Protein chains: 2
Amino acid sequence: MTEVSIEVVKKFFIDLQDRIVGTIEELDGGGKFLKESFDSPNGGVAQPRVLTNGDLFEKAAVQFSYSVGDRLPSAATERYPNLANCPFRATAISVIVHPRNPNVPTTHLNLRMFLVEAQELVWFFGGGFDLTPYILFEEDISFWHEQARAACGSDARYVELKENCDQYFYLPHRDETRGVGGIFFDDFNTNGFDDCFKFVKIVGETFLHAYTTIVHRRAHLSWTSEEEEWMLMRRGRYAEFNLAIDRGTKYGMQSGRRIESVLASLPPRVLWPYQHDLLVSAKFANLTSKLQRGIDWLGIVDNSVDKS
Amino acid sequence: MTEVSIEVVKKFFIDLQDRIVGTIEELDGGGKFLKESFDSPNGGVAQPRVLTNGDLFEKAAVQFSYSVGDRLPSAATERYPNLANCPFRATAISVIVHPRNPNVPTTHLNLRMFLVEAQELVWFFGGGFDLTPYILFEEDISFWHEQARAACGSDARYVELKENCDQYFYLPHRDETRGVGGIFFDDFNTNGFDDCFKFVKIVGETFLHAYTTIVHRRAHLSWTSEEEEWMLMRRGRYAEFNLAIDRGTKYGMQSGRRIESVLASLPPRVLWPYQHDLLVSAKFANLTSKLQRGIDWLGIVDNSVDKS
């Protein structure tokens, strides 16, 4: 067992950021990321990488951050409220990709580690990935969840983290999930640092492989203006979630962090037509019927306990 | 002094809705409002009127509602927290107009009355109007505030309600106001029902006159694609306010009310480019420099106490 180290996690996140940026540029074929770096006086650093108006991707934000703080924000942990206000270090990578082609889904990855200097050193990881398609390809969603299950290493863990994801990425005012889910975990530190970090690495690698595979499958497909409009309307739901519901965005907006970084996740173009649902949703009902919690994409929920 | 009556207020709001709808259709020249009506079993009624894809207005929502409830939501009043959960009746009109032409400002009106059956009957009004321009015409803003002052009947009241408006329509994460303000009041019941209702009527009439005047001044102007893009980006700020900050929208989203009505205020098309500020804000700096609290459009703040 190695020592708990935020440095090795930081290094992995920076390297993963580089590879995700490289992969997206390669998939895009034309667009390039704007590469910025912002240092804090206390040793923190933020490295946003944002691509806009690519050939395949209309907007993609791949952001790394390392921060050093005097007082852990209470939003950082649910399980350890007593750690709020302790000195901490944190590192995170977040990815949001908004494709131009409605056949290619939007996706999101977040991985983060907190190290808190309380009476003893406390650390935990959080993160996950999820997928938001506009046009339904069931085999892509099954593949996405199959990859998530493989990353989890056991059906029991997959079922738990998939359920977390369904719970979190949900718009109560629409009674629908943001997309078709994936996995989501928080305050994660079971079985020691090595095991947890290994899992976080696998989640990052799996995300990159799974999303790239789906993009390769769909990027060559053409689309209609009706499908594009549908995507732009669905992106409105994405913005509703990020602005009105997402804890991370809320915290970022209140924390005084650089607002262009916090809101880089917002879709580049959005439509909010009145009663769009009545007008075209019926044509996309095969997708919307899947925007619900608790869909068992892999047919394993019933026997997950036995298999774990 | 007449009796306190929500019925006369309701009647005025319905009539005002009709006239606003008629005026906007006339100004537009082409677009027509969709006229819907939804009854509640308990006697409530909602009448959304939404125009989409007009010639001059891209989206306009003029909504009337009358509701009867067992428990007053705590969001309804700040001054009377002890009234929360009492039986109540409420009526409201709300207006949001999103023009297609960036020379014409977006505007918003809200007027509402609550009648609460506590140990004694308690009533109060709330509401106001505000303006969100995309291209600066200082004389329009001065005119808007001059009209607001006239509606208030005294400089003291105008200064107070204008300050309320600056405070409320503010995006802390952007450190800017939503627009150039107007007036805003809440929990309003000083000097008896007659006086308050008279003020509310004047506010409604003033709004209609002031906005119509500004539209007549600007609707014939042409615009560039750069100005249109700027408007679509500024509309993103509008959506940020409505989704992340506005108490009314938040309450509507949590209350289970018909979501298409609650979110009819959202702009029809929005852009969230990365670092748009860096790219074009400089060209519109004469406007953005006015998106701050405390701008004294009428040059009266210093001597408002004497004049009141």
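Summarised in this report is the structure supplied together with it. The residue numbers shown here count from 1 along each chain, following its written sequence. Whichever chain is written first becomes A and whichever ligand is written first becomes 1, with later ones labelled in order. Restriction of local features to residues with pLDDT of at least 70 applies here, the model being predicted, together with a cutoff of 80 or more for giving and counting side-chain atom pairs; totals for whole chains, interfaces and linings are based on all residues. The side-chain figures draw on all heavy atoms in the structure; neither hydrogens nor water molecules are used.

We now examine the interface of chain A and chain B. By the convention used here, residues are in contact when the closest approach between their heavy atoms is within 4.5 Å. In this assembly, 29 residues from chain A lie in contact with 29 residues from chain B. Buried area: the accessible area, evaluated with a 1.4 Å probe, that two parts lose upon being put together, summed over both parts. Carbon and sulfur atoms supply 62% of the area buried between chain A and chain B, which totals about 2,500 Å² over both sides. Of all residues in chain A, the largest losses of buried area upon contact with chain B belong to A:Glu260, A:Trp272 and A:Tyr274, amounting jointly to 31% of the total for that side. When a carboxyl oxygen of Asp or Glu is within 4 Å of a side-chain nitrogen of Lys or Arg, the pair counts as a salt bridge. Run the count over chain A and chain B and you get two salt bridges.

Turning next to helix 1 (residues 6–28) of chain A. All names here are of chain A. Helix length check: helix 1, at 23 residues, gives a terminal C-alpha distance of 32 Å against a target of 33 Å (1.5 Å per residue), a fit within 8%. Here a polar contact is recorded for every N or O atom pair within 3.5 Å, except that within protein the pair must consist of a potential hydrogen donor and a potential acceptor, and residues adjacent in sequence are included only if both atoms are side-chain atoms. Under the scheme used here, helices are H or I runs from DSSP no shorter than 4 residues and strands are E runs no shorter than 2 residues, and both carry numbers assigned from the N terminus. At the N-terminal end of helix 1, a side-chain oxygen is found 3.1 Å from the backbone nitrogen of Glu7, two or three residues along, and the residue is Ser5. Two residues or fewer after helix 1 comes Gly29, characterised by a positive phi angle close to 85°. Helix span is expected to be 1.5 Å times the residue number reduced by one.

Here we take up the environment of A:Ile135. Residue and element names in this part refer to chain A. Take Ile135: it is sitting in the loop between strand 7 (121–132) and helix 2 (138–152). With 151 residues separating them along the chain, Ile135 and Asn286 place their C-alpha atoms 8.6 Å apart. For Ile135, the contacting residues outside a window of four places in its chain are Pro102, Asn103 and Glu227.

A few words on the side chain of A:Glu227. All names here are of chain A. Within the element layout of this structure, Glu227 appears in helix 5 (residues 225–245). Residue burial is assigned from relative accessible area. The probe radius is 1.4 Å, only protein chains are included, and a residue is buried under 20% of its type maximum, exposed over 50%, and partly exposed in between. The positive count covers Lys and Arg only, the negative count covers Asp and Glu only, and His and the chain ends enter neither. This buried residue, Glu227, is left without a salt bridge; Lys283 holds the nearest opposite charge, at 10 Å. Polar side-chain contacts of Glu227 include one of 3.0 Å to the backbone nitrogen of Thr224. Not counting residues up to four positions away in its chain, the partners in contact with Glu227 are Pro102, Ile135, Ser222 and Phe284.

Counting through the fold element by element, A:Pro273 comes out in the loop between strand 11 (269–271) and helix 8 (276–280). In the structure, A:Pro273 is positioned 74 residues away from A:Phe199 in sequence and 42 Å away in space, judged by C-alpha atoms. Apart from residues no more than four positions distant in its own chain, A:Pro273 is found in contact with A:Met233, B:Lys59, B:Glu260 and B:Pro268.

Let us look at unusual backbone geometry. Residue and element names in this part refer to chain A. In this model, Asn85 sits at a positive phi of 80°, which is unusual for a non-glycine residue. On the secondary structure map, Asn85 appears in the loop between strand 4 (57–69) and strand 5 (88–99). According to the relative accessible area criterion, Asn85 is partly exposed, its value standing at 44%.

What follows deals with the environment of A:Tyr158. Residue and element names in this part refer to chain A. Turning to its location among the elements, Tyr158 is positioned in helix 3 (residues 155–168). Considered as a pair, Tyr158 and Gly182 are 24 residues apart in the sequence and their alpha carbons are 9.0 Å apart. In this view, Tyr158 contacts His145, Ala148, Arg149, Cys152, Ile183, Leu298 and Ile300; residues no more than four positions away in its chain are not counted.

Least squares is the method used to superpose the copies, on C-alpha atoms of residues holding a pLDDT of at least 70 in both. Between chain A and chain B, which share one sequence, the superposing operator has a rotation angle of 180° and an axial displacement of 0.0 Å; the RMSD is 0.0 Å. Viewed as a symmetry operation, the transformation between the two copies matches a two-fold axis. Residue by residue, 100% of the interface of chain A is reproduced at the interface of chain B, so both copies engage with the same surface.

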